[in-house]
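Listed below are the residues making up each chain.
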2 protein chains.
Amino acid sequence: MPSVALVIEFDGTDFVGWQIQDNGRSVQEEIQRALTTLYKKEIKVTGSSRTDAGVHARGLVCSAQVPFTIPAEKLPLACNAILPEDVAVVAAYDVREDFNARFDSQGKRYIYRIVHDRVRHPLLARYSYFVTGKLDVNAMKKAAPFFEGEHDFAAFCAVGGSQNTTVRRLNHVEVRSEGDGLIEIEVRGEAFLYNMVRIISGTLLYVGQGKIAPEDIPAVIDSCDRERAGKTLPPEGLTLEEVFYDWENIKQNK
Amino acid sequence: MPSVALVIEFDGTDFVGWQIQDNGRSVQEEIQRALTTLYKKEIKVTGSSRTDAGVHARGLVCSAQVPFTIPAEKLPLACNAILPEDVAVVAAYDVREDFNARFDSQGKRYIYRIVHDRVRHPLLARYSYFVTGKLDVNAMKKAAPFFEGEHDFAAFCAVGGSQNTTVRRLNHVEVRSEGDGLIEIEVRGEAFLYNMVRIISGTLLYVGQGKIAPEDIPAVIDSCDRERAGKTLPPEGLTLEEVFYDWENIKQNK
């Protein structure tokens, strides 16, 4: 059976997350419904990652086996005509038959967005977390690289994760700001624990607020103590920007 | 009685517009309700401009006479604690007693945002208008300055406007794009006709689509014929960015 990979963008505000759940609208069910309509046969998709309720995605990837080939350049428009406003297929590729968006993922890139000002901004609120009060963004910038490399991230894992190990490798952690009040925390890694990016972001916020010194981050990591890390920041600030694959060896050239 | 000026930011998606109307939620009623709660007396506000249903604002200004003075630096936070999520007071000033946000306005700056791509983008859709197909952005850039200056803009006025004259002066019309698919049409002028920015934007879009040549814009203006201009683009792409005043002579120094 032919396989396809779809790159999905969605506004997570009104979704319970990627994965099908009993308690509300999921992105996965919207994608499956669109594909089932197009292929006139029930289609199941596998996502690169679950995302929590309210988290956004610009480049979540999912894979599906399909009964016949629809040209990859036509598939996004065909899907988008069926999908609701808050989700769209932004790219599609014909891929190796055994491609699995979850297991073949080589890593992910997330951005957590914070808006720092005296007053809240309704035009930014949907895709960011608003903070007020003193914030030392340079301290946050200094703290970020301490998260890079392989560490036991047990202190940065919400209760409810079911992994065997809490050791993970982060390739890049960076805090960016152009001084206009928008702060972007970019995190790239191979795999992530439950709520890991939101807890790292909350810890970097504590650094900005003077509650943790930048050079104390290694000790917070080493403690493996959830209580020593920052709060889990709310989902609306988080966007899954990109999922990495060895596309050269996965895409089928037709 | 003391007077205050408030700078208002709102997400227009779920509003019928600025002005109080029978058919739904208006920004004006939300602001008046918040002020009435704070001052414990019914407060009426005058807006710098009406905005249509679905249009956003980053800097609409309104004025009000109030029974006593709340320090201007505290007023935004006091209002925002009462206001719903999609509207906020981002600045407040003590102003001359006779200040009127509508009559004292010296001009306004609007931006119309277009997203041009093969596929639609759910994370951009709330604050922009999506177009696909061929688009010559350079032609749009070339056409924009033809709108500058004093003209009879009868061709760019929706039916339903009630003005005596359709002559208006635009100080600046510019199309910007960094080649990433986001196109911003900025329009600055002293006063505007009903739907004028949305019709100018639709006309510039026609230029990008090759339906009107840039150098034909003066003839379209001179025709005073609504049929020769472009379509009225939808409200979600439009944001009232700023309203201009002679603040030096309006603000009260306490």
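Predicted, not measured: the structure shown is a model, and the values here were computed from it.

**Concerning the pairing of strand β4 (residues 87-95) of chain A**
Residues and elements named next belong to chain A.
Part 1 of the argument: For β4, the buried fraction is high: 8 of the 9 residues fall into the buried class.
Part 2 of the argument: Here 8 bridges tie strand β1 (residues 3-10) to β4, and the two strands are oriented antiparallel to one another. Bridge pairing in β4 places Val 4 opposite Asp 94.

**Concerning the relation of the copies chain B and chain A**
Part 1 of the argument: Note on the identical chains: chain B maps onto chain A by a rotation of 180 degrees and an axial translation of 0.0 Å, with an RMSD of 0.0 Å. Expressed as a symmetry operation, the mapping of one chain copy onto the other fits a two-fold axis. In terms of C-alpha distance to the rotation axis, chain B has Arg 126 of chain B as its closest residue, with the C-alpha 4.9 Å off the axis.
Part 2 of the argument: Most of the interface of chain B is mirrored in chain A: 100% of its interface residues are interface residues there too.

**Looking at the pattern of salt bridges**
Part 1 of the argument: One pass over the structure, following the stated rule, counts 36 salt bridges over all chains.
Part 2 of the argument: Salt-bridge contacts for Glu 29 of chain B lead to Arg 33 of chain B; the nearest nitrogen and oxygen are separated by 3.5 Å. You can see Glu 29 of chain B and its partner Arg 33 of chain B sitting in helix α1 (residues 27-39), 4 residues apart, about one turn around the helix.
Part 3 of the argument: Here the salt bridges share partners, and the residues they tie into one network are Arg 58, Arg 109, Arg 113, Glu 174, Arg 176, Glu 184, Glu 186, Arg 188, Glu 241 and Glu 242 of chain A.

**Some details on unusual backbone geometry**
Part 1 of the argument: Phi is positive for Lys 40 of chain A, close to 50 degrees, though the residue is something other than glycine.
Part 2 of the argument: Along the polypeptide, Lys 40 of chain A turns up in the loop between α1 (27-39) and β2 (45-47).
Part 3 of the argument: Taking relative accessible area as the criterion, Lys 40 of chain A reaches 75% and is therefore assigned exposed.
Part 4 of the argument: Positioned with a positive phi, Asn 195 of chain B is a non-glycine residue whose angle comes to about 70 degrees.
Part 5 of the argument: Of note, Asn 195 of chain B is situated in the loop between β9 (182-189) and α4 (196-208).

**Quick word on the domain arrangement of chain A**
Residue and element names in this part refer to chain A.
Part 1 of the argument: Split into domains, chain A comes out as domain 1 (3-104) and domain 2 (107-241).
Part 2 of the argument: On a C-alpha basis, the centres of domain 1 and domain 2 stand 28 Å from each other.
Part 3 of the argument: Taken residue by residue, the interface counts 15 residues in domain 1 and 13 residues in domain 2.
Part 4 of the argument: Of the roughly 1100 Å² buried at the junction of domain 1 and domain 2 (both faces included), carbon and sulfur atoms supply 46%.
Part 5 of the argument: Sorting the residues of domain 1 by area buried against domain 2 places Asp 52, His 56 and Arg 58 first, and these three jointly supply 44% of that buried surface.

**Some points on the interface of chain B and chain A**
Part 1 of the argument: At the junction of the two partners, chain B supplies 28 residues and chain A supplies 28 residues.
Part 2 of the argument: Taken as a group, Arg 120, Pro 122 and Leu 123 of chain B account for 34% of the area that chain B buries against chain A, more than any other trio of residues on that side.
Part 3 of the argument: For the interface between chain B and chain A, the tally reads 0 salt bridges.
Part 4 of the argument: For the pair chain B and chain A, the number of links is 16 residue pairs in polar contact (both at pLDDT 80 or more).

Conventions adopted
- Residues numbered from 1 in each chain as written.
- Chains lettered and ligands numbered in written order.
- Predicted model: local features only at pLDDT ≥ 70, side-chain atom pairs only at ≥ 80, totals over all residues.
- Heavy atoms only, no water.
- Buried < 20%, exposed > 50% of the residue type's maximum accessible area, 1.4 Å probe, protein only.
- Helix = DSSP H or I, 4+ residues; strand = E, 2+ residues; numbered from the N terminus.
- Pairing = 2+ DSSP bridges.
- Least-squares fit on C-alpha atoms with pLDDT ≥ 70 in both.
- Contact = heavy atoms within 4.5 Å.
- Salt bridge = Lys/Arg side-chain N within 4 Å of Asp/Glu carboxyl O.
- Domains from an automatic or database assignment.
- Buried area = accessible area lost by both parts, 1.4 Å probe.
- Polar contact = N/O pair within 3.5 Å; in protein donor to acceptor, adjacent residues only side chain to side chain.

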